[in-house]
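Spelled out, the chains give:
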Amino acid sequence: MIMAMRKRHSPEQVVRKLTTADRLLAEGKDVAAVCRELGVSEPTYHRWRNQFGGLKADDAKRLKDLERENSTLKRLLADAELEKAALKEIARDAPIDRQVVIAA
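These numbers come from a predicted model, not from an experiment. Starting from 1, residues in each chain are numbered consecutively following that chain's sequence as written. Totals for whole chains, interfaces and linings use every residue, but because this is a predicted model, local features are given only for residues with pLDDT of at least 70 and side-chain atom pairs only at 80 or more, for both listing and counting. As a rule here, side-chain values cover all heavy atoms of the structure and leave hydrogens and water aside.

J.: Before we go on, may I ask you to explain the side chain of Lys17 in this structure?
T.: In this description a helix means any DSSP run of H or I spanning at least four residues, a strand means any run of E spanning at least two, and both kinds are numbered starting from the N terminus. When you line up the elements, Lys17 lands in helix α1 (residues 11–26). When a residue's accessible area, from a 1.4 Å probe over protein chains only, is under 20% of the maximum for its type it is buried; when over 50% it is exposed; and in between it is partly exposed. Only four residue types enter the charge count, namely Lys and Arg as positive and Asp and Glu as negative; His and the chain termini do not. Think of a salt bridge as a Lys or Arg side-chain nitrogen and an Asp or Glu carboxyl oxygen that are within 4 Å of each other. Of the side chains bearing the opposite charge, Glu37 lies closest to the buried Lys17, which forms no salt bridge; the N-O distance is 11 Å. Here a polar contact is taken to be a pair of N or O atoms separated by no more than 3.5 Å, where protein atoms must pair a possible hydrogen donor with a possible acceptor and residues adjacent in sequence count only if both atoms sit in side chains. A distance of 3.3 Å separates polar atoms of two side chains, one belonging to Lys17 and the other to His9. Contacts were defined at the residue level, with two residues in contact if any of their heavy atoms lie within 4.5 Å. Not counting the four nearest positions on each side in its chain, Lys17 is found in contact with His9, Leu38, Val40 and Trp48.

J.: I would appreciate a short explanation of the pattern of salt bridges in the present structure.
T.: Using the criterion set out here, one finds nine salt bridges in the structure. Glu37 is the partner of Lys29 in a salt bridge, and the nearest nitrogen-oxygen pair spans 2.8 Å. Residue Lys29 is classed as partly exposed on the basis of its relative accessible area of 34%. Residue Glu37 is classed as partly exposed on the basis of its relative accessible area of 49%. Its salt-bridge partner being Lys84, residue Glu81 comes within 3.6 Å of it at the nearest N-O pair.

J.: Sorry if this is basic, but what is going on with the packing of α1 against helix α3 (residues 42–52) here?
T.: Helix-helix packing is described using two parameters, namely the angle between the two axes and the distance between the axes. At a closest axis distance of 10 Å, the pairing of α1 and α3 adopts a crossing angle of 105°. By the angle class used here, α1 and α3 are roughly perpendicular. For the pair α1 and α3, the contacting residues are Pro11, Val14, Val15, Lys17, Leu18, Ala21, Asp22 and Leu25 in the first and Tyr45, Trp48, Arg49 and Phe52 in the second. Tallied by class, the residues present in the contact of α1 with α3 amount to nine nonpolar, no polar and three charged. Helix axes are fitted only over the stretch in contact, all axes being lines through C-alpha atoms; the angle between N-to-C directions runs from 0 to 180 degrees. Orientation categories follow fixed angle ranges, with anything under 35 degrees roughly parallel, anything over 145 roughly antiparallel, 65 to 115 roughly perpendicular, and all other angles oblique. Classes in brief: Ala, Val, Leu, Ile, Met, Phe, Trp, Tyr, Cys and Pro nonpolar; Asp, Glu, Lys and Arg charged; the others, Gly included, polar.

J.: Just checking my understanding: could you explain the side chain of Glu12 for this structure?
T.: Relative to the helices and strands, Glu12 is located in helix α1. Despite being buried, Glu12 has no salt bridge partner; Lys61 is the closest side chain of opposite charge, sitting 4.6 Å away. Every residue in contact with Glu12, bar those within four places of it in the chain, is listed here: Ala57 and Lys61.

J.: It is not clear to me how the nonpolar core should be interpreted in this structure. Could you clarify?
T.: To define a nonpolar core, start from buried Ala, Val, Leu, Ile, Met, Phe, Trp, Tyr and Cys residues and group those joined through side-chain atoms within 4.5 Å. Formed by 13 residues in total, the largest nonpolar core has its most connected members in Leu18, Tyr45, Trp48 and Phe52. When contributions to this core are tallied by element, the ones reaching two or more residues are α1, α2 (31–38) and α3. Here the element with the most residues in this core is α1; it accounts for five residues.

J.: What is the right way to read the packing of α1 against helix α4 (residues 57–93) from this model?
T.: For the pair α1 and α4, the least separation of the axes is 8 Å and the interaxial angle reads 140°. As far as their axial angle goes, α4 and α1 are oblique. The way α1 lies across α4 gives a crossing that is right-handed. Only Ala57, Ala60, Lys61 and Lys64 of α4 make contact with α1, whose side of the interface consists of Pro11, Glu12 and Val15. Classifying every residue of the contact of α1 with α4 by side-chain character gives four nonpolar, no polar and three charged. By definition, turning the near helix anticlockwise from the far helix through less than a right angle yields a left-handed crossing, and turning it clockwise yields a right-handed one.

Listed below in structure tokens is the structure:
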């Protein structure tokens, strides 16, 4: 049995394929036939429909860019929080040097 290589589609390609799918469905083809023609599985088609349903190609690209930026920012925040916790731990365990001033 030969396994198909997984292909990544750009957001623009997904929106184009969904537009083609809409046209084919309007012509009376069923979802299975449309998926075969597009070269994707039915679960992929439905996932794309949920994710990119009413978007245009530019909107889809912008969405992907924002998701990528959001992921980067989340990672940076997690790193900063980890560093902050480590510094608190170090500060808690550090000996305190206090000079005792005795009034004469």
